[in-house]
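One-letter residues, chain by chain:
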Amino acid sequence: AERLKKKAQDVAKLEQVFRDIDESEDGIITEKVLSRVLSNPKCQAYFQTLDLDVNEGSALFRLLDQGDGEVTLDEFIQGIMRCRGPARAIDQVALHAEMKHFDAKLCRLLRHFTGEA
């Protein structure tokens, strides 16, 4: 029960962080905005309090993005929650995300060469 309460509190914090980052208030964060925000040492320190090591905004953006070049609130929260823990956890999530991107590119290439639409 305590763990669920902590998770709910963390989600609420992340929702507020997303709203703070979303300067245009359109429900979307771009890579440029996230990278700029994460270059702020205070922001980096805050993410460390959430047990998340964020050293590079563009790398985190690629982890959060579902392939459309933007990050929504749901993508942000789900992605951050997956990345929590020691730096090795984020490395594993990064590897998984890169593999998904590679798989999608490979499938597009295969469709191109086989003539499927």
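Relevant structure appears above.
Residues numbered from 1 in each chain as written. Predicted model: local features only at pLDDT ≥ 70, side-chain atom pairs only at ≥ 80, totals over all residues. Heavy atoms only, no water.

1. Some details on the pattern of salt bridges
Thinking step 1. With the rule as written, the count across this model stands at 3 salt bridges.
Thinking step 2. Salt-bridge contacts for Asp10 lead to Lys6; the nearest nitrogen and oxygen are separated by 3.1 Å. Of the two residues, Asp10 and Lys6 both sit in helix α1 (residues 2-21), 4 residues apart, roughly one turn of that helix.
Thinking step 3. Taking the relative accessible area as the measure of exposure, Lys6 reaches 41% and is therefore partly exposed.
Thinking step 4. Across the pair Arg62 and Glu98 runs a salt bridge, and its minimum N-O distance is 3.4 Å. (Salt bridge = Lys/Arg side-chain N within 4 Å of Asp/Glu carboxyl O. Helix = DSSP H or I, 4+ residues; strand = E, 2+ residues; numbered from the N terminus. Buried < 20%, exposed > 50% of the residue type's maximum accessible area, 1.4 Å probe, protein only.)

2. As for the packing of aromatic side chains
Thinking step 1. Scanning the model with the defined rule gives 2 aromatic pairs in all.
Thinking step 2. Ring geometry for Phe18 against Phe76: centres 5.5 Å apart, planes inclined by 55°, an arrangement best described as tilted. Taken together, the positions of Phe18 in helix α1 and Phe76 in helix α5 (residues 73-83) put the pair 58 residues apart, joining distant regions of the chain.
Thinking step 3. Relative accessible area serves as the criterion here: at 3%, Phe18 is assigned to the buried category.
Thinking step 4. Aromatic side chains Tyr46 and Phe47 sit 6.3 Å apart centroid to centroid with 75° between the ring planes, which places their arrangement in the edge-to-face category. (Phe/Tyr/Trp six-rings, centres within 6.5 Å; stacked < 30°, edge-to-face > 60°.)

3. Some points on unusual backbone geometry
Thinking step 1. A positive phi is found at Glu25, a non-glycine position, where the angle reads about 55°.
Thinking step 2. Secondary-structure assignment places Glu25 in the loop between α1 and β1 (28-29).
Thinking step 3. According to the relative accessible area criterion, Glu25 is exposed, its value standing at 71%.

4. Section: the packing of helix α4 (residues 57-64) against α5
Thinking step 1. Remark: α4 packs on α5, axes separated minimally by 9 Å, with the N-to-C direction vectors making an angle of 110°. Classed by the angle they form, the pair α4 and α5 counts as roughly perpendicular. Of α5, the residues touching α4 (which contributes Leu60, Leu63 and Leu64) are Glu75, Phe76, Gly79, Ile80, Arg82 and Cys83.
Thinking step 2. Of the residues that constitute the contact of α4 with α5, the class distribution is 6 nonpolar, 1 polar and 2 charged. (Axes fitted to C-alpha atoms, helices over the stretch in contact; angles between N-to-C directions. Parallel < 35°, antiparallel > 145°, perpendicular 65-115°, else oblique. Contact = heavy atoms within 4.5 Å. Nonpolar A, V, L, I, M, F, W, Y, C, P; charged D, E, K, R; others polar.)

5. Looking at a nonpolar patch on the surface
Thinking step 1. Residues Leu95, Met99, Phe102, Leu106, Leu109 and Phe113 make up a contiguous nonpolar surface patch of roughly 670 Å² in combined accessible area.
Thinking step 2. Relative to the helices and strands, Leu109 resides in helix α6 (residues 87-114).
Thinking step 3. With a relative accessible area of 42%, Leu109 lands in the partly exposed category. (Patch = residues over 30% accessible without salt bridge, like charges linked within 9 Å, V, L, I, M, F, W, Y side chains within 5 Å. Areas by Shrake-Rupley, 256 points an atom, 1.4 Å probe, with all protein chains shown as cover.)

6. With respect to helix α3 (residues 41-49)
Owing to its 3.6 residues per turn, the α-helix brings residues three or four apart onto one side.
Thinking step 1. Looking at where α3 begins, the residue whose side-chain oxygen comes 2.7 Å from the main-chain nitrogen of Lys42 is Asn40.
Thinking step 2. Positive backbone phi, approximately 65°, marks Asp51, located one or two places after α3. (Polar contact = N/O pair within 3.5 Å; in protein donor to acceptor, adjacent residues only side chain to side chain.)

7. Focus on the packing of α1 against α5
Thinking step 1. Direction vectors running N to C along α1 and α5 enclose 130°, while the axes themselves pass 10 Å from each other. By the criterion of interaxial angle, the relationship of α1 to α5 is oblique. Crossing angle aside, the handedness with which α1 passes α5 is right-handed. Contacts between α1 and α5 involve Lys7, Val11, Leu14, Glu15, Val17, Phe18 and Ile21 on the former and, on the latter, Leu73, Phe76, Ile77, Ile80 and Met81.
Thinking step 2. Of the residues assigned to the contact of α1 with α5, the class counts are 10 nonpolar, no polar and 2 charged. (Left-handed = near helix turned anticlockwise from the far one by under 90°.)

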